[in-house]
Every structure is written in structure tokens, then in C-alpha cells.
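Reading the structure
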Amino acid sequence: MATAGKVIKCQAAVAWEPNVPMVIEEIEVAPPQKNEIRIKVIATGVCHSDLYHLFEGKHKDGFPAVLGHEGAGVVESVGPGVTEFKPGDKVIPLFVSQCKECRFCKSPKTNLCEKSWSTERYAQMSNTDTRFSCRGKPVLQFMGTSTFSEYTVLNQIAVAKIHDDAPLNRVCLLGCGISTGYGAAINTAKVEPGSVCAVFGMGAVGLAAVMGCKNAGASRIIAVDINEQKFEKAKVFGATDFVNPKAHKKPINEVLTDMTNGGVDYSLECVGNVAVMRSALESCVKGWGVSVLVGWTDLHDFSARPIQLIAGKTWKGSLFGGFKGKDSIPKLVLDYMAGRIKLEEFVTHTVSLEQINDAIQLMKTGGCIRTIVNVSK
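Residues numbered from 1 in each chain as written. Predicted model: local features only at pLDDT ≥ 70, side-chain atom pairs only at ≥ 80, totals over all residues. Heavy atoms only, no water.

Digging into the nonpolar core
In plain terms, the rule: Throughout this description, the term nonpolar core refers to a set of buried Ala, Val, Leu, Ile, Met, Phe, Trp, Tyr and Cys residues connected via side-chain atoms within 4.5 Å. Note on classification: 1.4 Å probe, protein chains only; a residue is buried when its accessible area is under 20% of the maximum for its type, exposed when over 50%, partly exposed between these limits. Throughout, a residue-residue contact means that at least one pair of heavy atoms, one from each residue, lies within 4.5 Å.
Counting residues in each nonpolar core, the largest one holds 99 residues, and the members touching the most others are Val 171, Leu 268 and Phe 346. Excluding residues within four positions of it along the chain, Val 171 makes contact with Ala 72, Ile 92, Ile 162, Ala 166, Val 333, Tyr 336 and Leu 343. Val 196, Val 224, Val 243 and Leu 256 belong to the second largest nonpolar core, which has 12 residues in total.

Printed below as a string of C-alpha cells:
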């Protein structure tokens, strides 16, 4: 392409500081260096982790940054040493890399990677190294991806090549939320046919967890949320029962225990709230119940009575649904194209990059499931 090897000036939503709306700026995107790929971002979802960084985590060393990590696009150019990708390939950026060489990548037990941005800088949610600048200042690449920009640069270990016919304004959702919830049920909880499940939080991640429980053959899936307007949507993905904790005088774990003759087989916490994490664990049946932490937070400690685990329950965590991105995301794209998983049903709003703060507000107020941002015209 004509832009190969040159600095590209393009539009991006820059978060200059925490707790302040993003600003649409012209940024400069450097050419890809060794083992790097520059991508034209076509579409991106807005995920709660973007809100978390801006309004909850608020780490001073994590700004200025271009947020966004749930995107899809087309390869614009590649740097030296890149053989796996070529200009024109459709791709999904990965916030969890897969180098295929480190001890974690070689283990079937995890999807972590030693070469990820997250190995040292969880709080800042970015590396110090960046290909972005604006007004003469370096701008951080959030979670190594930064999909709220018309162009972004990633190491090839953090990019998945997908099918040429994949609709980018839908499969972008597989870059985080849908894969996270779906995989938490399938890979981390390992939901079994005929089992009883409870999913806490009916945002996109929770709805994807419901879909995962359904596809795994669960006989009963209880949707838990304080917003009853989400229950109709939960039914679309396979939920069979619906509980609003605020509609009961008893704690939610006691309500679920009463409903299920002692507790659910699997519970998935998809809110990112430590009190809800404890409730989810306590909702599981003793002896074999499994509870999975899916919602992202790193602000507070969580706690539980030891007897919960001594009596046979298991408490687990799930990052990106346990999927090894380069291996698994292309397969999930094919699953969507074959009708085996839903994506269209998650989309409630579509906006332009200039409307990014409106999209953030929609998510902040619970007014959407997933908003798609059309990044590049």
C-alpha cells in the first residue's frame, strides 16, 4: 500500500487523563518495526474494561492512552521478519498474545503468554513502548491494542488472522467480551450436559456465558441481574430462569440454593464486583460446585469462608475465556459464520468514532449490550 513505511496521520480517541471524556485527535502512527503489523481498524466494540481503566482503575501512569481492545481490521503493512501476515489480510488484535514459544504458550493448562504487555503492567494496562504520538507526546497503546484509532500497530504474536469473508463489524466482538464469557463456561468451568448453572450479570460477557452454558448442554441456566429489562435478551441466549436479587429479602446465594436443591453446579461472575464473586461461590452446591471469576477488577481484595472450599467447591478465574487467541479466534469466527454461536444478537447500537463518548455513556448507564463503533470510513 502507498502508506507502507511512512508515518500515518489519522483520527483516534485519546484519553488524556482519567475520569475525563476522550478527545478525537489527529495522531501519528509510526510504521511497524521488526515483527510488527500495522492494521487499519474497521470496527470495534466498547468493552467494560475500557470504562474500568478510564473511570475505576484511573492509574496515573496509564495515560494518555488510546483505549479500545475489541476490534477487527485489515493489515495495512508489515515490518521486517513478519511472514504470517500480508497486506489485505483480515485480522483481530489480541489483548492476550500467543508467542507459541514461552512455557505458558506451550502448556495446554493456560492461555497466558510471558511476552504479553500484562506480565508487568496490569495496573497501567499498557506497555511503555508505543507507536502512537499526539501533539509531540507519546500516547500509550491500551492493552497493547488501541482499537479506538483508525490505525494501530501490534506485534505479530498479538494478532489472529481470520477468514476473508468474515464481517468485521460483527467478529470484532470476539476480540474480548463474547470470547471471554463463552470460553469461561466452555473452557474454564467446563460446564457438563444436564448441569444447572447461574450467571451473574447480563451484560455482553454474562450473556455470552449463558450462550456457552447452553451450547455445553446445561439443563437449567439461571440469569441473575438487578436490571430485569435484561432478562428478555438473556432468554434469547438460552437462560431458563431469571432472578433479581433486589426482589428478595434473603441473600441471593440462599435464593439460588433454595431454587436448586442445595446450589448450582456452576456459577459464573461476570460483573467485576468482589461481593458478587463471593455470592456466586456461595451459590454453588457443596462437594463439586465450580465458581468462575470472569468480571475484570483489580481494585479490592475478595474473601470467603474457608469451609466453602474445604467442603469441595472450586473457585477459578478466567482470562479471555481461556482461549489461546491465535489458535482459537479464527475457529470462533468460523463458528459464527456457520451459525454455531451468536454475535448479531449482542449488538444494540452502532456509532461513528466521533460518537465514542456517547458509546461510553451508553455502557456506563447500562443502556446497551454492545455498541459497535465504525472506526474507519
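Comments concerning the packing of helix 1 (residues 48-57) against helix 10 (residues 356-364)
Helix packing geometry: the angle between the two helix axes and the distance between the axes. Condition: All axes are obtained by fitting lines to C-alpha atoms, using only the stretch in contact for helices, and the reported angles, taken between N-to-C directions, cover 0 to 180 degrees. Under the scheme used here, helices are H or I runs from DSSP no shorter than 4 residues and strands are E runs no shorter than 2 residues, and both carry numbers assigned from the N terminus. Orientation is classified from the angle alone, with under 35 degrees giving roughly parallel, over 145 giving roughly antiparallel, 65 to 115 giving roughly perpendicular, and any other angle giving oblique. Residues were grouped as follows: Ala, Val, Leu, Ile, Met, Phe, Trp, Tyr, Cys and Pro as nonpolar; Asp, Glu, Lys and Arg as charged; and all remaining residues, including Gly, as polar.
Closest axis-to-axis distance for the helix 1/helix 10 pair is 10 Å, and the angle between their directions is 95 degrees. For the element pair helix 1 / helix 10, the angle class is roughly perpendicular. Of the residues in helix 10, those touching helix 1 at His 48, Leu 51 and Phe 55 are Ile 360, Met 363 and Lys 364. When the residues that make up the contact of helix 1 with helix 10 are grouped by side-chain class, the tally is 4 nonpolar, 1 polar and 1 charged.

Let's talk about the packing of aromatic side chains
Rules: Side-chain rings of Phe, Tyr and Trp (the six-membered ring for Trp) are treated as a pair once their centres are within 6.5 Å; stacked means planes under 30 degrees apart, edge-to-face means over 60, and tilted covers the remaining angles.
Using the criterion set out here, one finds 4 aromatic pairs in the structure. Residues Phe 302 and Trp 315 carry aromatic rings whose centres are separated by 4.8 Å and whose planes lie at 75 degrees to one another, so their mutual orientation is edge-to-face. Within this pair, whereas Phe 302 is found in the loop between strand 15 (290-293) and helix 8 (306-310), its partner Trp 315 is found in strand 16 (residues 314-317), the two being separated by 13 residues in sequence.

Some points on the side chain of Lys 230
Its location among the elements puts Lys 230 in the loop between strand 12 (220-224) and helix 5 (231-237). Not counting residues within four places of it along the chain, the set of residues in contact with Lys 230 comprises Met 202, Gly 203, Asp 225, Gly 366 and Ile 369.

Observations regarding the environment of Ser 146
Stated precisely, the cut-off is as follows: Distance and chemistry together define a polar contact, namely a pair of N or O atoms within 3.5 Å, with one atom able to donate a hydrogen and the other to accept it when in protein, and with adjacent residues in sequence counting only for side-chain atoms on both sides.
Within the secondary structure, Ser 146 is located in the loop between strand 8 (137-141) and strand 9 (151-155). When the C-alpha positions of Ser 146 and Ala 12 are compared, they lie 9.0 Å apart, and in sequence the two are 134 residues distant. When near neighbours in sequence (up to four residues on either side) are disregarded, Ser 146 contacts Val 66, Leu 67, Gly 68, Phe 132, Leu 140, Gln 141 and Thr 152. A distance of 2.6 Å separates the side chain of Ser 146 from the backbone oxygen of Val 66, its partner in a polar contact. Of the polar contacts made by the side chain of Ser 146, one reaches the backbone nitrogen of Phe 142; its length is 2.9 Å.

Some words on the pattern of salt bridges
Using the following cut-off: For this analysis, a salt bridge means a side-chain nitrogen from Lys or Arg found within 4 Å of a carboxyl oxygen belonging to Asp or Glu.
Under the counting rule described, the total for this entry stands at 17 salt bridges. Of the charged contacts in the structure, one is a salt bridge between Arg 38 and Glu 76, with a shortest N-O distance of 2.6 Å. A residue pair is termed long-range when its members are at least 10 positions apart, and Arg 38 in strand 3 (residues 36-45) and Glu 76 in strand 5 (residues 71-78) qualify at 38 residues. Classification of Glu 76 as buried rests on a relative accessible area of 1%. Of the charged contacts, one joins Glu 70 and Arg 370 as a salt bridge, the two residues approaching to 2.8 Å between their closest N and O atoms. With Glu 70 in the loop between strand 4 (65-66) and strand 5 and Arg 370 in strand 18 (residues 370-374), this residue pair connects regions lying 300 residues apart in the sequence. Note on accessibility: Glu 70 and Arg 370 belong to one class, buried. What emerges from the salt-bridge pattern is a single network uniting Glu 36, Asp 129 and Arg 131.

Here we look at the environment of Arg 278
Note that Arg 278 resides in helix 7 (residues 274-282). Here the alpha-carbon distance between Arg 278 and Gln 98, two residues 180 residues apart in the chain, equals 31 Å. If we ignore the near neighbours within four places in the chain, the residues touching Arg 278 are Ser 303, Ala 304, Arg 305 and Trp 315. Side-chain polar atoms of Arg 278 contact the side chain of Glu 282, separated by 2.9 Å.

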